[in-house]
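Analysis of the macromolecular model
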Amino acid sequence: MSLIDTTILFVKQKLQNAEAGHDWYHVERVYKNAIVIATEEACDLEIVKLGALLHDIADSKFHNGDETIGPRIAKEFLENQNVASETISHVVNIIENISFKGGNFEKKFTSKELDVVQDADRLDAIGAIGIARTFNYGGFKNRPLYLPHIAPNLHMTKEEYKNNEAPTLNHFYEKLLLLKDKMNTETGKKIAAQRHLFMESFLAQFYSEWEGEK
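Residues numbered from 1 in each chain as written. Predicted model: local features only at pLDDT ≥ 70, side-chain atom pairs only at ≥ 80, totals over all residues. Heavy atoms only, no water.

A word on unusual backbone geometry. Of note, asparagine 82 is a non-glycine position whose phi angle comes to about 60°, a positive value. Within the element layout of this structure, asparagine 82 appears in the loop between α4 (69-80) and α5 (85-97). The backbone of asparagine 142 shows a phi angle near 60°, a positive value even though the residue is not glycine. With respect to the helices and strands, the residue asparagine 142 is situated in the loop between α7 (127-140) and α8 (158-162). A relative accessible area of 68% places asparagine 142 in the exposed class. (Helix = DSSP H or I, 4+ residues; strand = E, 2+ residues; numbered from the N terminus. Buried < 20%, exposed > 50% of the residue type's maximum accessible area, 1.4 Å probe, protein only.)

Below, the discussion takes up the packing of aromatic side chains. One pass over the full model with this rule turns up eleven aromatic pairs. Seen from their ring centres, phenylalanine 206 and tyrosine 207 are 5.9 Å apart, and the 90° between their planes marks the pair as edge-to-face. Under the relative-accessibility criterion, phenylalanine 206 is labelled buried at 14%. Linked through ring pairs, Phe135, Tyr146, Phe172, Phe202, Phe206, Tyr207 and Trp210 together constitute an aromatic cluster. (Phe/Tyr/Trp six-rings, centres within 6.5 Å; stacked < 30°, edge-to-face > 60°.)

Let's shift gears to the nonpolar core. Membership of the largest hydrophobic core comes to 56 residues, with the highest contact counts inside it found for Val11, Leu53, Leu54, Leu78 and Phe172. Of all elements in the fold, only α1 (3-14), α2 (24-38), α3 (45-54), α4, α5, α6 (112-123), α7 and α10 (186-210) reach the threshold of two or more residues within this core. Counting residues per element, this core draws most heavily on α2, which supplies seven residues. (Core = buried A, V, L, I, M, F, W, Y, C linked by side-chain atoms within 4.5 Å.)

Turning next to α3. Since the α-helix packs 3.6 residues into each turn, any two residues three or four apart lie on the same face. Of all the ten residues making up α3, seven are buried; the element is thus mostly covered by neighbouring parts of the structure. Residues Ile47, Val48, Leu50, Gly51, Ala52, Leu53 and Leu54 constitute the buried set of α3. Packing partners of the buried residues in α3 comprise α1, α2, α4, α5 and α6. For α3, the N-terminal capping position is held by aspartate 44, with its side-chain oxygen 3.0 Å away from the main-chain nitrogen of glutamate 46. (Contact = heavy atoms within 4.5 Å. Polar contact = N/O pair within 3.5 Å; in protein donor to acceptor, adjacent residues only side chain to side chain.)

Given below as structure tokens:
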């Protein structure tokens, strides 16, 4: 069995009880997006695949904000598969630097592979599936759909973003609508532009229905 096949089985097992927006199917979509984007970029496809498959192996939001668990699990898994140390280090760096974290997070590592995986992950946060995931997580956290008197916070620190409990609709303005302009690759930018328009259309319809307009 190849390393990628073994990694897929490992991730499926680890995420079998995960919240629906961060489960195996999320990882699979990111994996597929990453391969699409990578075909247009000069990059190491194996590192892209491993980074995509392991990027959410232990999302910190489900582990009391601990950002060290995911990288540690990924590192231990890859070491057990006798993967080269350079590859392990690169994949771990992708996991540590992929998240949005309020948009004010300065990446401490850069690579074309990180750019690809980050774009692939961000694409799954926008468009139709991004909308579905957002409201699924809001329901998971028992948050209100929308409270008109609570404005989005567009200048959150990393800690404020992690601890944010605002209504679900605010998340569109605090993250989702910002992602189009934060894409790294040309392929990612093209796909994001279309998904961004879909979200704008959804929001227009949402507000229309909220106000009881015909």
